[in-house]
Amino acid sequence: MGVEPQITEKGTGLIFILSAPSGTGKTTLVRAVVQQLPCLRFSISFTTRLPRPNEREDEDYHFVSHSVFQKMVERNEFLEWAEVLGNRYGTPRPDLKKLKSLGIDLILDIDTQGAKKAVKEMNQSVLIYLLPPSLKVLRERLMMRGGDSLERVKFRLSHAKKDMGEASWYDYAIVNDRMEDAFERLKSIIIAERCRRAKDLILEENRRRWEEKNG
Ligand code: ADP
Ligand code: 5GP
């Protein structure tokens, strides 16, 4: 086996930031990619929003009260936080040194305001924007997901168009039409970025093996 599959199976402390209008399919894709790719962890955010019926505490989010969230803001415990559609969401500060030494990459599912703040603090971030194929499809997905009133769905849709205007400053854009295609593209981006960051390591290890074999 060549050296790069072994090296790129590990992370290097990269931060993948995924944003999209609510209902596009971020959660579904992130779950799938974290399950399939080794050394990739999901960053669990804190939120003041109430859990949806299928959501689990400490897996999807850490669900907290407004006062607990406020205390965390005052103690500067968030890498970034933002108010999104009437609720507050925050990313706990990652231990970047530890992630790097353990060979782990992190994937964040955060909105565009949060992405802007996070990228300023972490230059190893890779920004990926996920787009719904159409507003009609987005509406259907929001309805299918459940947990929102019709009014709330309308509110989310009105926010979606503006949000998509932010996609231009992201590194990558993926349209989530067929789930399998979007998943393959997301996975490919992560693997490609791992290869890019690990280039020097791959060259060094390859040279070492060459010398061992060929003298
Ligand atoms: P988000 O995290 O972006 O708010 P979710 O992952 O919760 O979105 O997805 C919203 C709904 O759309 C869910 O019911 C999910 O199963 C569905 N969904 C996600 N991606 C696709 C897709 N490519 N095709 C059809 N349905 C999808
Ligand atoms: P939802 O309520 O649908 O789970 O999420 C609503 C929005 O909040 C989504 O755009 C999601 O990406 C964003 N979000 C989730 N966690 C965070 C976070 O920690 N920080 C920021 N800024 N946005 C977040």
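Owing to the predicted nature of the structure, the values given are computational and were not obtained by experimental measurement. (Residues numbered from 1 in each chain as written. Chains lettered and ligands numbered in written order. Predicted model: local features only at pLDDT ≥ 70, side-chain atom pairs only at ≥ 80, totals over all residues. Heavy atoms only, no water.)

Trainee: Looking at this structure, I do not really get the site of ligand 2. What am I missing?
Mentor: Near ligand 2, the surroundings consist of 19 residues, among which S45, R49, Y61, Y89 and D109 are the closest. S22 is positioned with one of its side-chain polar atoms (N or O) 3.1 Å from an oxygen atom of ligand 2. Separating an oxygen atom of ligand 2 from a side-chain N or O atom of R52 is a distance of 2.9 Å. In the complex, 96% of the free accessible area of ligand 2, which totals 510 Å², lies under the protein chains. Elements represented by at least two residues in the shell around ligand 2 include exactly β5 (78-84) and β6 (87-92). Across the shell around ligand 2, the residue classes break down as 6 nonpolar, 5 polar and 8 charged. (Near = heavy atom within 4 Å. Polar contact = N/O pair within 3.5 Å; in protein donor to acceptor, adjacent residues only side chain to side chain. Areas by Shrake-Rupley, 256 points an atom, 1.4 Å probe, with all protein chains shown as cover. Helix = DSSP H or I, 4+ residues; strand = E, 2+ residues; numbered from the N terminus. Nonpolar A, V, L, I, M, F, W, Y, C, P; charged D, E, K, R; others polar.)

Trainee: Teacher, can you tell me more about the pattern of salt bridges here?
Mentor: Where side chains of opposite charge bring their charged atoms close, a pairing between them can arise. Following the criterion strictly, the structure yields 18 salt bridges and no others. Its salt-bridge partner being R208, residue E205 comes within 2.7 Å of it at the nearest N-O pair. Here R208 and E205 lie together in helix α9 (residues 199-214), a separation of 3 residues that amounts to about one turn. Here E205 falls in the partly exposed class, since its relative accessible area comes to 21%. Counted as one network, the salt bridges with shared partners bring together E205, R208, R209 and E212. (Salt bridge = Lys/Arg side-chain N within 4 Å of Asp/Glu carboxyl O. Buried < 20%, exposed > 50% of the residue type's maximum accessible area, 1.4 Å probe, protein only.)

Trainee: What is the right way to look at the side chain of T48 in this model?
Mentor: As for its placement among the helices and strands, T48 is situated in the loop between β3 (45-47) and β4 (61-63). One polar contact links the side chain of T48 to the main-chain amide nitrogen of R88, over a distance of 3.0 Å.

Trainee: Looking at this structure, how should I read the pairing of strand β1 (residues 15-19)?
Mentor: Where a strand is regular, its side chains alternate between the two sheet faces. The buried count for β1 comes to 5 of 5 residues, which makes it a mostly enclosed element. Of the two faces of β1, the one holding I15, I17 and S19 and the one holding F16 and L18 are both buried throughout. Across 4 bridges, the pairing between β1 and strand β7 (residues 105-109) is parallel. Each bridged residue has a counterpart across the sheet, and for I15 the counterpart in β7 is L106. Judged from the 5 bridges that link them, β1 and strand β8 (residues 125-131) form a sheet pairing that is parallel. Residue pairing in the sheet places F16 in a bridge with V126 of β8. (Pairing = 2+ DSSP bridges.)

Trainee: Looking at this model, I keep getting lost on the environment of L108. Mind explaining?
Mentor: Checked against the element boundaries, L108 lands in strand β7. Accessibility expressed as a relative area gives 2% for L108, which makes it buried. In this structure, the C-alpha to C-alpha distance between L108 and F78, residues 30 residues apart in sequence, is 13 Å. Discounting chain neighbours no more than four positions away, the residues touching L108 are I15, F16, I17, L18, S43, L79 and T91. (Contact = heavy atoms within 4.5 Å.)

Trainee: What exactly am I supposed to notice about unusual backbone geometry here?
Mentor: Across the chain, the bulk of peptide bonds are trans and the bulk of non-glycine residues have phi less than zero. A positive phi angle is found at D58, which is not glycine, with a value near 70 degrees. Following the sequence through the fold, D58 ends up in the loop between β3 and β4. Take D58: its relative accessible area is 41%, and that puts it in the partly exposed class. Unusually for a residue other than glycine, L85 sits at a positive phi of about 50 degrees.

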